[in-house]
Amino acid sequence: MKDAAVTVIIPNYNGKAYLSDCLNSLRNQTFKDFEIIVVDNGSTDGSVELIKQVFPEVTLIIFNENTGFSHACNAAIKASESPFVALLNNDTEVSPQWLKVLFESMHGSKNTGMAASKILLDKMTIDSTGMLIYPDGIGRQRGRGETDTGQYDDKTDVLYPSGCACLLRRKMLDETGLFDEDFFAYCEDVDLGLRGRLAGWLAVFCPDAVVYHKYSETGGKYSEFKAFLVERNRIWVAVKNFPLQFLLKVPLYTFKRYIWQMYSIATKRGSTARFAGGVSASGMAAVFLKAYSSAAVKIPSMLKKRMFFKRRITALEFSNMLKKHEVSASELILKD
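Residues numbered from 1 in each chain as written. Predicted model: local features only at pLDDT ≥ 70, side-chain atom pairs only at ≥ 80, totals over all residues. Heavy atoms only, no water.

Participant: Is there a simple way to think about the packing of helix H7 (residues 224-241) against helix H12 (residues 299-306) in this case?
Facilitator: Two quantities define a packed helix pair, namely the angle between the axes and the distance from one axis to the other. Between H7 and H12, the shortest axis-to-axis distance is 8 Å and the interhelical angle comes to 40°. Viewed along their axes, H7 and H12 adopt a mutual orientation that is oblique. Helix-helix and strand crossings are classified by hand; for H7 and H12 the assignment is right-handed. Only Ile-299, Met-302, Leu-303, Lys-305 and Arg-306 of H12 make contact with H7, whose side of the interface consists of Ile-235, Trp-236, Ala-238, Val-239, Lys-240 and Asn-241. Taken together, the residues of the contact of H7 with H12 break down into seven nonpolar, one polar and three charged. (Axes fitted to C-alpha atoms, helices over the stretch in contact; angles between N-to-C directions. Helix = DSSP H or I, 4+ residues; strand = E, 2+ residues; numbered from the N terminus. Parallel < 35°, antiparallel > 145°, perpendicular 65-115°, else oblique. Left-handed = near helix turned anticlockwise from the far one by under 90°. Contact = heavy atoms within 4.5 Å. Nonpolar A, V, L, I, M, F, W, Y, C, P; charged D, E, K, R; others polar.)

Participant: How should the nonpolar core be read in this particular structure?
Facilitator: In summary, soluble globular proteins display a tendency toward joint burial of nonpolar side chains. In this structure, Leu-87, Leu-168, Leu-194, Phe-242 and Leu-322 are the most contacted members of the largest nonpolar core, which totals 57 residues. For this core, the element with the most residues is H7, which contributes seven residues. Core analysis: the next-biggest nonpolar cluster, separate from the first, contains 35 residues, Ile-10, Phe-31, Leu-99 and Met-106 among them. (Core = buried A, V, L, I, M, F, W, Y, C linked by side-chain atoms within 4.5 Å. Buried < 20%, exposed > 50% of the residue type's maximum accessible area, 1.4 Å probe, protein only.)

Participant: What am I meant to see in the packing of helix H6 (residues 188-198) against helix H13 (residues 315-324) here?
Facilitator: Here H6 crosses H13 at 135°, and the two axes come no closer than 11 Å. In terms of axis orientation, H6 runs oblique to H13. In the crossing of H6 with H13, the sense of the turn from one axis to the other is right-handed. Facing Leu-194, Arg-197 and Leu-198 of H6, the residues of H13 in contact are Phe-318, Met-321 and Leu-322.

Participant: In this structure, what is going on with the pairing of strand S2 (residues 34-41)? I would like to understand it.
Facilitator: A regular strand places its side chains so that they alternate between the two faces of the sheet. In terms of residue burial, S2 counts as a mostly covered element, since eight of its eight residues are buried. The alternating pattern of S2 places Phe-34, Ile-36, Val-38 and Asp-40 and Glu-35, Ile-37, Val-39 and Asn-41 on opposite faces, both of which are buried. Across seven bridges, the pairing between strand S1 (residues 6-12) and S2 is parallel. The residue bridging Val-8 from the neighbouring strand is Ile-36, located in S2. A crossover links S1 with its parallel partner S2, the connecting element being helix H1 (residues 16-27), and its sense is right-handed. Note that the unit made of S2, helix H2 (residues 47-54) and strand S3 (residues 59-63) has a crossover that is right-handed. (Pairing = 2+ DSSP bridges. Right-handed = clockwise from strand over helix to strand, strands pointing away.)

Structure (structure tokens):
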């Protein structure tokens, strides 16, 4: 559909068990002016065969290996022409009004570059209602783990949306660039979202755009690989996007986070404790050392990328925006 208003992009890696639910929920959308592109990253579980046989309306882009979330999304964005791009995890189901609500929120506001969904882990538990940020570069879902009682049901400004389920304006992407493929996976939505905000684009949360998410079914919940990527990539997020006065404080915030992570392990609360339960102390140290060394190698490249696009808000305005949407170290580590 070359003239489709929206292209829905679904990166997939061995997600056959979830794809039918996801794609069937898209078939039930009340908004019909969209196309679907699934980017398969070297699946060996029959995902491609399933799509070809059961979902012939889906356009497939197939890679022979796992090229990462960022590369997969970029490949589909480049292959499409729609003025709006929706990103959707393969382990999700969307409500019938999902795309209609997101599209209408963007279509009616030319300054809005990003729209966030209400993402639920089940019928009552919140995964994300837009994103917050810890001041060393780690993103955190707003409302994550809370019971959904309508406390986030106001349509409101957010810092940026979760890449799990969102709508992006192509004009914003043309101005600020696509996902940074050096990230491979994790924090790439933080980077893209902050770039959008620096360029003056707004982000809105749409409480009626409901998505049900089987959290981290593809990437693994507390794997060493995920921990490495998050720790490395959050450094690149800060280097690429933070104002200088904010950037200089990053090591202090990281030190504070490490203290809370040690507390998490000692009290057996939060995701750090669960990760530590399956990894030795030396293994954890190795993950962090690898992350820092990998991040350091590309610091010069990230500094060059920092100058890639025109910033339309001042450093002070951006700093105030980060503070407005800041998450504390204790909430980041202990609230799960």
